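# Breakdown of the fold
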Amino acid sequence: MSDNGRKYPAVAANFPTAVLVLDTAGRVLTCTRSASKLLGFGTAEALAGQDAEQLFADPSLWARLVAGAVGGARRHAHARLVRPEGDYLSAHVDVIALMEGSSARFLLRLSASDPAHPAPITQAGDVRRELPPPPADPRAVERLALINSAASEIGSSLDMVRNAEQLTGVLVPAFADLAAVDLTEPVLLGEEPGDLVTGAPMRRVAVRAADGGWPSENHAPEDIIRLGSVESAHLRGGTAVFLPDLSELRTVLAGEEDRIRLILPPAATSLMLVPLQARGMVLGALVLWRTAGHRPFDQADASLAEEVGSRASLSIDNARRYTRERRTAEALQRSLLPRPVMDVTGAETSGLYVPAVTAAGIGGSWFDVIQLPSTRLAFAVGTVAGHGLSATAAMGRVRSAVQTLADLDLSPDELLAHLDDLVRRFVEDEAHREPDANAPSALMGATCLYATYDPVSRMCVIAGAGHPPPVLAAKAQGGSDTVSYRPGPVLGTGGQPFETVELTLEPGDVLAFYSGALVHETAQGQRRLQSIRAGAREAADTGLPVADVGHGILGELLNQSPDEDLAFLVVRVREVPRDATAVWKLTADPTVVALTRALVTERLTAWGLEELIFTTELIVSELVTNSIRYAGGPVGLRLIKDRVLICEVSDTSQTQPHLRRAQLTDEGGRGLFLVAQLTHRWGSRYTSYGKTIWTEQLLDEC
């Protein structure tokens, strides 16, 4: 038996004859076996969910039977019923209305017109002998039509405002002449409603008028409304209240402009206030008015409005929960991304992230700008599979891993190889930890593009794992195009090397990295990629701030709302001026240490950094001496004047230095400790020919 049948086992068991149990919309919840066979469906499961109106050859007969049955009466008639094969069944039909408020609203009892021959007949019976159907009750027909309309039209969206608009659309003009929906501020933010206190702010989110024009004398959409004590008490009461005649209320409220603006449209003659509640908490209010020429609201109308409002409340609460999860995921996603705009020596960057507008919501697209030692920069962009908090968490893990590996100052291909290994380990750990080991990990199939840029040499090195290449717009050339490179496999697959491509850039060249909905090889994806190319070309030609260019690209991309999240990063590269660097190549001779001190003194004097001469001489002396003693020659020395003073000493040794605390009896081992005390930061990195030790000193201490 179907799920609905399992919910009503006693009902189905108590009727050995052909009986169907229907909900308020007239859909079959469950039925007896004889009913399914009589109607030609074979099983109860096949009949469950069918609309009873579609079983009648004359749908208006079904409407009249239901209208007559509302209120507890029993209505019967002869009817022709349509079977799945297209033939007809002549049957006696009884409709009984059950208790209001229950999911099971009607019983439909069937019996063949000729009990000795229950098989279907293909021709209509003698309709002249059929009993006349009961007269239709207009109020009952109106009620059933309104409930059916609410069931089909409310709740199709996960947007609270859209649900409120659907509610007013159902009620106007079918039930009222004016309708407004007000929601509390916490609900609109996706938070729990909390207790409704007098004066708490509510926002008008939807209005509708039968004549198409909302009264200017009353609150319009987006207005903030604060309810008085009387209105707040009615909403907390949980039941609909109505005033059939507003004449006395207009007299009482004369001069109270705020309350008149709230509840008294000029043409209104009758008022109803319906609380919108879910789980006992007030979400907002539905306010209805009727004008002259229409009957005033009564108790039957209040009961009907409560039923429709209850359905809308559940839809609004579902949308509120979705909004809360979406806001949480979006806040987490944005907190994990870098600041949108960066302006450093090596480049000017602007990154933007846009979540999808569909129910999929937040995805795993991301970007990052990482400052490396010696004024160098790293740019990263990527995506992980899935949506929601799980995708956001997976994105955070990948981005954190990239930042950690970038701190080791690895080349792009080495970094991606280590990242690929980490992702495989992450996926294996999830498979052992998650109860559903067959569920795919959001990390499986993640993509990443990683690029480094040195503003001294103007060299950019790019490698990718399953990610499309960036767009390059060279300032000295026209047009813009994607960088030609061969991306490696997606992360987590392992076994394949990652190849790099090297570019020599000029100051003012623009790179545009992208991910998410922008990477798809579809017509829409190509149009979006063309927008990025045009934006990159504009940035290279005009020199506009990349933040303005990025917002211009975003405007083009949002002409059509994205069905997936997207992220992009626009970078205009710069170079370090030649007069801000000094480079020397030294031999492995201890006597050159004195020469280096003289060279450093001369250069710092030329830069106006005399106050850093003493500390820089100590740093250079210690590092050059160590290179000559432990690595031999040649030894490279480079000074860079940036926002900090950078000192680099390079040699051919692959041994990384490490800081230790020397004992009182040790003759050496204090050099790096001294360097660490004199500098703001220090570190080392491997190079293709050995290693480089670098230090930074703050200029504002001068």
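Here the structure is a predicted model, which is why all the values come from computation and not from measurement. Numbering of residues starts from 1 in each chain and follows the order in which that chain's sequence is written. Per-residue local features are limited, in this predicted model, to residues with pLDDT of at least 70; the limit for side-chain atom pairs, both in listing and counting, is 80 or more; totals at the level of whole chains, interfaces and linings are taken over all residues. Water and hydrogen atoms were dropped before computing side-chain values, which therefore reflect all heavy atoms in the structure.

## So, the overall build of the chain
Looking only at helices and strands, one finds 19 helices and 27 strands in the chain. Sequence-distant contacts, at least 24 apart, represent 66% of the contacts inside the chain between residues at least 6 apart. On the chain, roughly 32,100 Å² of surface is accessible, and the fraction owed to carbon and sulfur atoms is 53%. Only DSSP runs of H or I covering at least 4 residues are called helices, and only runs of E covering at least 2 are called strands; the numbering of each starts at the N terminus. Should any heavy atoms of two residues lie within 4.5 Å, those residues are considered in contact. Here, Shrake-Rupley sampling with a 1.4 Å probe gives the accessible areas, and only protein chains in the shown set may cover a residue.

## Remarks on unusual backbone geometry
The linkage connecting Val172 with the following residue, Pro173, adopts the cis geometry, with an omega of 5°. In this structure, Arg279 is a non-glycine residue whose phi angle is positive, near 55°. Its place among the elements puts Arg279 in the loop between β10 (268-278) and β11 (281-291). Buried residues are those whose accessible area, probed at 1.4 Å on protein chains only, stays under 20% of the maximum for their type, while exposed residues exceed 50% and partly exposed ones sit between those limits. A relative accessible area of 46% places Arg279 in the partly exposed class. Not every positive phi belongs to a glycine, and Asp409 is a case in point at roughly 60°.

## Here we look at helix α9 (residues 229-237)
Residues of α9 that are buried: Glu231, Ser232 and Leu235. Along the axis of α9, the buried residues cluster in a sector spanning 100°; they form a single face. Those residues of α9 that are buried are in contact with β7 (201-209), α11 (257-263), β10 and β11. Downstream of α9 by a residue or two, Gly238 has a phi angle that is positive, lying close to 90°. For this quantity, the arc is that covered by the directions from the helix axis to the C-beta atoms.

## Focus on the side chain of Arg533
Considering the arrangement of structural elements, one finds Arg533 in helix α15 (residues 523-542). Other than its neighbours up to four places away in sequence, Arg533 contacts Val471, Ser480, Asp481 and Thr482.

## Description of the sheet that holds strand β6 (residues 178-184)
Strands pair in a sheet through their backbones, by hydrogen bonds, and they do so in one of two ways: parallel or antiparallel. Note on pairing: two strands pair once DSSP finds at least 2 bridges between them. Sheet architecture is open: six strands sit in the order β8-β7-β6-β11-β10-β9, paired in antiparallel fashion. Of all the strands in the sheet, just β8 (224-226) and β9 (241-243) have a single pairing partner and so form its edges. Going across the sheet, the axis of each strand differs from the next one's by a mean of 25°, ignoring polarity. Bridge count for β9 against β10 is three bridges, and the pairing is antiparallel. Note on β10: the bridge partner recorded for Phe242 is Met272. Every axis corresponds to a line fitted to the C-alpha atoms, with the helix fit spanning only the stretch in contact, and the corresponding angles, defined between N-to-C directions, vary from 0 to 180 degrees. Helix-sheet contacts for helix α12 (residues 299-336) involve β6, β9, β10 and β11, and the interaxial angle to β10 is about 40°.

## Some thoughts on the packing of helix α7 (residues 160-171) against α12
Where α7 meets α12, the closest approach of the two axes is 8 Å, and the angle between their N-to-C directions is 165°. Taken as axis vectors, α7 and α12 run roughly antiparallel relative to one another. As for the relative orientation of α7 and α12, their crossing is right-handed in sense. Of α12, the residues touching α7 (which contributes Met160, Asn163, Leu167 and Leu171) are Val308, Ala312, Ser315, Ile316, Ala319, Arg320 and Thr323. Under this grouping Gly is polar, as are all residues other than the nonpolar Ala, Val, Leu, Ile, Met, Phe, Trp, Tyr, Cys and Pro and the charged Asp, Glu, Lys and Arg. For the contact of α7 with α12, the per-class residue count stands at seven nonpolar, three polar and one charged. Any angle that falls under 35 degrees is termed roughly parallel, while one over 145 is termed roughly antiparallel, one within 65 to 115 roughly perpendicular, and all others oblique. Left-handed is the label given to a crossing in which the near helix is rotated counterclockwise from the far helix by less than a right angle, and right-handed is the label when the rotation is clockwise.

## What about the sheet that holds strand β14 (residues 366-371)?
Ordered in space as β14-β15-β16-β17-β20, the five strands form an open sheet in which the pairing is antiparallel. In this open sheet, the two strands that pair with only one neighbour each are β14 and β20 (501-504). Along the sheet, successive strands turn relative to each other by an average axial angle of 15°, direction set aside. In this sheet, strand β15 (residues 377-383) lies alongside β14 in antiparallel orientation, the contact comprising six bridges. Across the sheet, Ile370 pairs through a bridge with Ala378, a residue of β15. In the packing of helix α13 (residues 389-407) onto the sheet, the strands contacted are β14, β15 and β16 (447-454), and the crossing angle to β14 comes to about 20°.

## Overview of the pattern of salt bridges
The term salt bridge refers to a pairing of a side-chain nitrogen on Lys or Arg with a carboxyl oxygen on Asp or Glu at a separation within 4 Å. In the structure shown here, the tally under the stated rule is 33 salt bridges. Of the charged contacts in the structure, one is a salt bridge between Arg203 and Glu185, with a shortest N-O distance of 3.2 Å. Taken as a pair, Arg203 in strand β7 and Glu185 in helix α8 (residues 185-188) lie far apart in primary sequence, 18 residues in all. Its relative accessible area of 22% is what places Arg203 among the partly exposed residues.

## Let's talk about the packing of helix α18 (residues 613-630) against helix α19 (residues 671-678)
Two elements in contact, α18 and α19, have axes whose closest approach is 10 Å; the angle formed by their N-to-C orientations is 150°. As far as their axial angle goes, α19 and α18 are roughly antiparallel. Here α18 runs over α19; the crossing is left-handed. Along the contact surface, α18 presents Thr615, Leu618, Ile619, Glu622 and Leu623, while α19 presents Gly671, Leu672, Val675 and Leu678.

## Section: the layout of surface pockets
Only protein atoms enter the 1 Å grid used here, on which a cavity is any set of points holding a 1.4 Å probe that cannot leave and a pocket is any open set flanked by protein within 12 Å on both sides along at least five of seven lines; residues with an atom within 4 Å of a point are listed as lining. Grid points are joined across faces, edges and corners, and a volume is the space filled by probe spheres set on the points. Taken as a whole, the largest pocket spans an internal volume of roughly 940 Å³. What lines the largest pocket is a set of 34 residues, among which Arg685, Tyr686, Thr687, Ser688 and Tyr689 lie closest to the centre. Of all the secondary structure elements, the ones that give two or more residues to the lining of the largest pocket are α14 (412-433), β16, β17 (459-465), β23 (581-586), β24 (635-641), β25 (644-651) and β26 (681-687). The greatest single-element share of the lining of the largest pocket, amounting to four residues, is contributed by β24. Within the lining of the largest pocket, the residues separate by chemical class into 13 nonpolar, 10 polar and 11 charged. Taken together, domain 3 (338-573) and domain 4 (578-698) each give at least three residues to the lining of the largest pocket, which thus spans both. Each domain span listed reflects an automatic or database assignment of domains.

## Comments concerning the nonpolar core
Within the largest apolar cluster, 57 residues are counted, with the highest numbers of intra-cluster contacts made by Phe379, Val402, Leu419, Tyr450, Ile462 and Phe513. Broken down by element, the residue count for this core peaks at eight residues, all from α13. Ignoring sequence-local partners within four residues, the contact set of Leu419 consists of Val398, Ala401, Val402, Leu405, Cys448 and Leu491. Residues Ala150, Leu167, Ala240 and Leu283 belong to the second largest nonpolar core, which totals 35 residues. Take the buried residues of types Ala, Val, Leu, Ile, Met, Phe, Trp, Tyr and Cys, join any two whose side-chain atoms come within 4.5 Å, and each joined set is a nonpolar core.

Geometric descriptors of this kind do not, in isolation, establish any biological role.
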